[in-house]
Amino acid sequence: MALLNFKRTVEPTTNGDLEAFLKGYSIEVMPRTAEKVEDFRELLPEGTRVYIAHIDGTPIEDMVATAARLAKDGYKVMPHFPARIIKDSDKLADWIARYQGEAGVDQALLLAGGVAEPHGAFHSSMQLLETGLFGNFVRLHVAGHPEGNRDIDPDGSMKNVEEALLWKQKFSDTTDAHMALATQFAFDAKPVIAWVDALRDAGITLPIHIGAAGPAKLQTLIKFAIACGVGPSLKVLQKRAMDVTKLLLPYTPDTFLAELAAHKAANPDFNIEAVHFFPLGGIKTNATWAIENGGTSAIPAAEKDQ
């Protein structure tokens with residue numbers, strides 16, 4: 001059910017696999033970008049999960065105000081808790097109290113954070129989980145990296161990342177909160193499929209919310225991909241940049257998500273549960289693409305059963 005202000009102005013795609021794959025998609029905003037949106041209800045269906053990215057230097061007051069606004073408009077709010085910018089347990093407890101008291105937040109994405117040197121006691125999402133301060137949250141997501149993470153594994157392997165995921169898998173068995181992996185964005189379905197299957201083989205069964213970059217200029221995506229450490233699938237963008245007929249056309253995630261959707265349809269046990277959008281070309285542009293391709297706020301079947 002959509003809010004009154006929300007209008008689907010374009011008929012969805014006839015690609016049934018993709019439409020099913022986009023059910024329950026989520027999207028990410030920052031306080032400074034959210035300020036530019038006059039009314040989210042004109043862009044996102046009611047019930048959409050909206051992550052709020054916490055960039056180092058953003059005042060907690062701005063984060064909480066954005067969370068309260070989105071919650072009031074009927075969205076599932078999931079703020080970031082970046083370990084390396086949180087000084088200590090007292091600061092973490094204060095943030096949680098503010099989010100819960102002013103915005104009713106009961107979902108969170110826990111991650112290490114993008115700063116090189118920790119500001120205090122924490123340097124990993126595991127340490128945040130160990131505090132026990134998220135005990136009354138109903139959903140806790142942690143970060144996943146389909147193409148590795150050079151901050152964690154400088155040698156380019158997946159060794160430390162996999163060990164951390166195994167720890168989080170065990171932790172999920174001790175909490176009442178539903179846990180999932182929210183991943184960095186990628187552009188090539190093949191390495192993502194291989195990564196998802198490798199996690200399953202390693203005994204990591206946390207549901208995966210796969211990251212996808214929303215429509216954007218090619219130059220913008222290449223800049224963000226390099227800055228965020230996107231690996232093998234960056235070649236997809238580089239190849240596109242060499243095609244003069246596509247150089248000036250905006251990138252859209254059609255091919256990437258359609259391939260994953262087809263694989264999911266053919267392999268129902270494939271462990272991607274939902275799509276998470278990074279609106280690098282703008283929230284409105286991304287939201288419009290999702291609507292045109294059949295995306296809704298309907299909760300994925302697997303999450304409904306939880």
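Residues numbered from 1 in each chain as written. Predicted model: local features only at pLDDT ≥ 70, side-chain atom pairs only at ≥ 80, totals over all residues. Heavy atoms only, no water.

Examining the overall build of the protein
Part 1 of the reasoning: Check the secondary structure of the protein and you find 12 helices and eight strands.
Part 2 of the reasoning: Taken over 306 residues, the protein has a buried fraction of 47%.
Part 3 of the reasoning: For the protein, the share of sequence-separated contacts (at least 6 apart) that also reach a separation of at least 24 residues comes to 80%. (Helix = DSSP H or I, 4+ residues; strand = E, 2+ residues; numbered from the N terminus. Buried < 20%, exposed > 50% of the residue type's maximum accessible area, 1.4 Å probe, protein only. Contact = heavy atoms within 4.5 Å.)

Digging into the packing of helix α7 (residues 189-201) against helix α10 (residues 254-266)
Part 1 of the reasoning: Here α7 crosses α10 at 40°, and the two axes come no closer than 9 Å. Considering the angle they form, α7 stands oblique to α10. The element α7 and its partner α10 pack so that their crossing is right-handed. Residues Ala-189, Lys-190, Val-192 and Ile-193 of α7 form the contact with α10, whose own contacting residues are Phe-256, Glu-259, Leu-260 and His-263.
Part 2 of the reasoning: Of the residues contributing to the contact of α7 with α10, the split by class is five nonpolar, one polar and two charged. (Axes fitted to C-alpha atoms, helices over the stretch in contact; angles between N-to-C directions. Parallel < 35°, antiparallel > 145°, perpendicular 65-115°, else oblique. Left-handed = near helix turned anticlockwise from the far one by under 90°. Nonpolar A, V, L, I, M, F, W, Y, C, P; charged D, E, K, R; others polar.)

Digging into α7
Part 1 of the reasoning: In this model α7 runs 18 Å from its N-terminal to its C-terminal C-alpha over 13 residues, within 8% of the 18 Å that 1.5 Å per residue would give.
Part 2 of the reasoning: What α7 keeps buried is the set Ala-189, Val-192, Ile-193, Trp-195, Val-196 and Leu-199. Considered in projection along α7, the buried side chains sweep an arc of 160° and stay on one side of the axis. Residues Lys-190 and Asp-201 are exposed on α7 and point more than 90 degrees away from its buried face. (Expected span 1.5 Å × (residues − 1). Arc of directions from axis to C-beta.)

Brief notes about the confidence of the model for the protein
Part 1 of the reasoning: The share of residues in the protein with pLDDT of 70 or more is 80%, and the mean pLDDT across the chain is 87.
Part 2 of the reasoning: Residue range residues 1-13 is modelled with pLDDT below 50. Its contacts to residues more than four positions away, or to other chains, number 29 contacts. (pLDDT = per-residue confidence, 0-100.)

Topic: the packing of aromatic side chains
Part 1 of the reasoning: As enumerated under the stated definition, the model contains 10 aromatic pairs in all.
Part 2 of the reasoning: A ring pair is formed by Phe-81 and Trp-95, whose centres lie 6.3 Å apart and whose planes are at 45°; its orientation type is tilted. Of this pair, Phe-81 sits in strand β3 (residues 76-82) while Trp-95 sits in helix α4 (residues 89-103), and the two are 14 residues apart along the sequence. This pair shows no difference in class: Phe-81 is buried, exactly as Trp-95 is.
Part 3 of the reasoning: Taking the centre distance of 5.4 Å and the plane angle of 70° together, the rings of Phe-185 and Phe-278 count as edge-to-face. (Phe/Tyr/Trp six-rings, centres within 6.5 Å; stacked < 30°, edge-to-face > 60°.)

Looking at the nonpolar core
Part 1 of the reasoning: In this structure, Phe-81, Phe-134, Phe-256, Leu-257, Leu-260 and Phe-277 are the most contacted members of the largest nonpolar core, which totals 77 residues.
Part 2 of the reasoning: A total of six residues in this core trace back to one element, the largest contributor, which is α7.
Part 3 of the reasoning: In this structure, Leu-257 is in contact with Leu-18, Phe-21, Leu-22, Ala-212, Val-275, Phe-277 and Trp-289, ignoring residues within four places of it in sequence.
Part 4 of the reasoning: With five residues, the next largest nonpolar core counts Tyr-51, Met-78, Leu-109 and Ala-182 among its residues. (Core = buried A, V, L, I, M, F, W, Y, C linked by side-chain atoms within 4.5 Å.)

Examining the pairing of strand β7 (residues 208-213)
Part 1 of the reasoning: The element β7 is largely enclosed, with a buried count of six among its six residues.
Part 2 of the reasoning: Alternating residues of β7 divide into Ile-208, Ile-210 and Ala-212 and His-209, Gly-211 and Ala-213, and every residue in both groups is buried.
Part 3 of the reasoning: Note that strand β6 (residues 178-186) and β7 share four bridges and pair parallel. Bridge pairing in β7 links Ala-186 to Ala-212.
Part 4 of the reasoning: Since β6 and β7 lie parallel, the crossover through α7 that links them has a hand, and here it is right-handed.
Part 5 of the reasoning: Here six bridges tie β7 to strand β8 (residues 272-278), and the two strands are oriented parallel to one another. Counted as the bridge partner of His-209 is Ala-274 from β8. (Pairing = 2+ DSSP bridges. Right-handed = clockwise from strand over helix to strand, strands pointing away.)

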